[in-house]
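# Summary of the model geometry
Here is how the chains run, residue by residue.
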Amino acid sequence: MIRRTLLALAGVLIAGAAHAADNTLLNVSYDPTRELYVDFNKAFAAAYQKETGKTVEIKQSHGGSGSQSRAVRDGLQADVVTLALAYDIDAIASKGILKTDWQKSLPQNSSPYTSTIVFLVRKGNPKGIKDWDDLIKPGVSVITPNPKTSGGARWNYLAAWGYALKKYGSEDKTRDFVGKLFKNVPVLDTGARGSTVTFVERGVGDVLLAWENEAHLAIKEFGKDKFEIVVPSVSILAEPPVAVVDSVVDKKGTRAVAEAYLKYWYKPESQEIAARNFYRPRDPEVAKKYAANFAKVDLFTIDDVFGGWTKAQKEHFADGGVFDQIYKN
Amino acid sequence: MAPLTRRSVLPGFGLTLGLTLAWLSILILIPLASLFLKTTELSLQEFIASVTSHRVLHALSVSFGIAFAAALVNLAAGVLVVWALVRYRFPGRRIFDAIVDIPFALPTAVAGIALSALFAQNGWLGAPLAKLGIKVAFTPLGIFIAMIFIGIPFVVRTVQPVLADLEPELEEAASSLGARRWQVITRVILPSLTPAILTGFALAFARAVGEYGSVIFIAGNLPNVSEIAPLLIVIRLSEFRYADATAIAVVMLVVAFLIIFAINRIQRWAQTRGVVSYSVT
């Protein structure tokens, strides 16, 4: 992780030295967005040049959402952050590097694309996994990363919690359900990609809890003859947010281009890029066009069920929180 | 008491000492001091509560316990490897000699991924072992394997030059004086090798205690089962609890220092004993 930070820093230094384009932006993002931002950056650079006549070069840095957030907090000069969950940007805001109401600066909670949590199972679904209830059955082995280190894993955990709460209505039973689910987890990787590798390449586990886009990517990469996606009856609406890092863009004088970069997400052509990379678009027209790519699922938001990220983080993932209590005994 | 600066035949004592101190301070002492300083954000009670929680103690015992066991295995296996490489001539010896260094050079993440691919239940070694009911990858046994892998060159490279310098004539002399084979090994060879073996053991152990990259891919990382202390430090950092993270680091540092210090004492003792047994025989 330190190495990753150093690499990112080295990237910034090289970017500063080379300075080929009129503008250079550093986008610090999370793990599974590599392919998405390769496409998006290319489209934005072309659109920006057409409109202003200036060139822009976008550097990418990827890693676990939490460690990327920490790198920016500790001084990585990111112009924009595009992370897995709002809490990780809140943590940067608490340092005073960007304004605390950052989530209001762009439409739809500053989340231009959304995703959800689905199940990836082995071909033929040998354990007959249909919904969350099947995950707590004895003998079913579930792969998810560690919610302490992975943003995706926190969405996994909260999706399971939200399902159980809806079904049982009581907090105790919900806790019991999530506890049983994690009893079935044989490996806790530190990041979403790590878990995908454990499930896909190492052959461990019967079901992988994954980002919808990550599940589609695994199928695209390894073939429909190996894995299937199972969509549960209920899941969480994951809103990966984007934000301009105020103190950095003001210092570097890149505010205009950084804001244009993020606003470009809300254009129909960008929404199509999201949809093609299996992120759910916000634009209703684009959503209709790509409806076949995304299964219908009953989605709840973190604000509905958990009262927002700050509260969820404190109750569930802080030291001594519900997640730690699950592993106490 | 001896004066601090004794006149030496070599010039430049002040200069070299100054450079040494400056260099060590920048690279080691200042970062370590800042580590300790960060920990002082916790009160003593908080510090004790933080590092004596069940989970932290378990992670520390996993890291230190398995590192110690792995270093013991490396000690035995390493000495055998050295013996074969130094004392015999066989085809491919140079290649084997070079292979020993690979764990030094290989990025630890690559080692971890390779080992977990090999020992996973669908891997070349993992599949037959799984049939026997032995699970290696994603269990504490996996941590053990990874720590053996990264530690072996430390023992080999510290013992090898010492054994190479040990004249075979010494052994011949011993046997011509009536020593049996076993006596030659225990009375002549091992005493001279012991200091180097202990150094190799200490290095392999120290490296394994702090190992993160290769272990993380094969460990399983379940709290209270296969969670190593360095991972717990990373988890604490993810919770933005820097002081608690450094608290674990400080405990690791102090324990590791004490163990290595103890090994050094044993080494010193073995060295003097080795000299004595020479003069007797």
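All figures in this text were calculated on a predicted structure; none of them were measured in a lab.

### Things to note about the overall build of chain B
- Looking only at helices and strands, chain B features 13 helices and zero strands.
- What you see in chain B, going N to C, is helices and strands ordered as α-α-α-α-α-α-α-α-α-α-α-α-α.
- If one aligns the C-alpha atoms of chain B with their principal axes, the spans along those axes are about 65 × 65 × 30 Å.
- Sequence separation of at least 24 residues holds for 77% of the intrachain contacts in chain B that already meet a minimum separation of 6.

### Here's the deal with the interface of chain B and chain A
- Facing the 20 residues of chain B at the interface are 20 residues of chain A.
- Contributing elements (two or more residues each) for the side of chain B that touches chain A: helix 6 (108–119) and helix 12 (229–238) of chain B.
- Looking at which element gives the most residues to the side of chain B that touches chain A, the answer is helix 12 of chain B, with four residues.
- Grouping the amino acids of the side of chain B that touches chain A by side-chain chemistry returns eleven nonpolar, seven polar and two charged.

### With respect to the packing of helix 3 (residues 65–73) of chain A against helix 4 (residues 86–93) of chain A
All names here are of chain A.
- Viewed as axis vectors pointing N to C, helix 3 and helix 4 meet at an angle of 15 degrees, and their least axial separation amounts to 9 Å. Compared by their axis directions, helix 3 and helix 4 come out roughly parallel. Note that helix 3 runs across helix 4; the crossing there is right-handed. In this structure, helix 3 contributes Ser65, Gly66, Ser69, Val72 and Arg73 to the contact, and helix 4 contributes Asp88, Ala91 and Ile92.
- Split by residue class, the contact of helix 3 with helix 4 holds three nonpolar, three polar and two charged.

### Focus on the confidence of the model for chain B
- Mean pLDDT over chain B stands at 89; residues scoring 70 or higher make up 94%.
- Per-residue pLDDT stays below 50 along residues 276–281 of chain B; that stretch engages in three contacts with residues further than four places along the chain or on separate chains.

### Regarding the sheet that holds strand 8 (residues 227–230) of chain A
Residue and element names in this part refer to chain A.
- Spatial strand order, 6-7-5-8: four strands in an open sheet with mixed pairing. Only two strands of the sheet have a single partner each, and these edge strands are strand 6 (142–143) and strand 8.
- Across two bridges, strand 6 lies against strand 7 (residues 207–211) in parallel orientation. By the bridge assignment for strand 7, Val142 is matched with Val207.
- Contacting strand 5 (117–122), strand 7 and strand 8, helix 9 (residues 212–222) runs over the sheet at an angle of about 115 degrees to strand 7.

### A few points about the nonpolar core
- Core analysis: the biggest nonpolar cluster contains 151 residues, and A:Val80, A:Val81, A:Val245, B:Ile143, B:Met147 and B:Ile218 have the highest contact counts within it.
- For B:Met147, the contacting residues outside a window of four places in its chain are B:Ile66, B:Ala67, B:Ala70, B:Ala208, B:Glu211 and B:Val215.

### Observations concerning the environment of A:Ser115
Residues and elements named next belong to chain A.
- Within the fold, Ser115 resides in the loop between strand 4 (113–114) and strand 5.
- In this structure, the C-alpha to C-alpha distance between Ser115 and Asp250, residues 135 residues apart in sequence, is 31 Å.
- Sequence-distant contacts of Ser115, defined by excluding residues within four places in its chain, comprise Trp211, Glu212, Asn213, Ala238, Pro240, Tyr279 and Arg280.

About the cut-offs
- Residues numbered from 1 in each chain as written.
- Chains lettered and ligands numbered in written order.
- Predicted model: local features only at pLDDT ≥ 70, side-chain atom pairs only at ≥ 80, totals over all residues.
- Helix = DSSP H or I, 4+ residues; strand = E, 2+ residues; numbered from the N terminus.
- Contact = placed C-beta atoms within 7 Å.
- Nonpolar A, V, L, I, M, F, W, Y, C, P; charged D, E, K, R; others polar.
- Axes fitted to C-alpha atoms, helices over the stretch in contact; angles between N-to-C directions.
- Parallel < 35°, antiparallel > 145°, perpendicular 65-115°, else oblique.
- Left-handed = near helix turned anticlockwise from the far one by under 90°.
- pLDDT = per-residue confidence, 0-100.
- Pairing = 2+ DSSP bridges.
- Core = buried A, V, L, I, M, F, W, Y, C linked by C-beta atoms within 7 Å.
- Buried ≥ 20, exposed ≤ 12 C-beta atoms within 10 Å, placed from the backbone.

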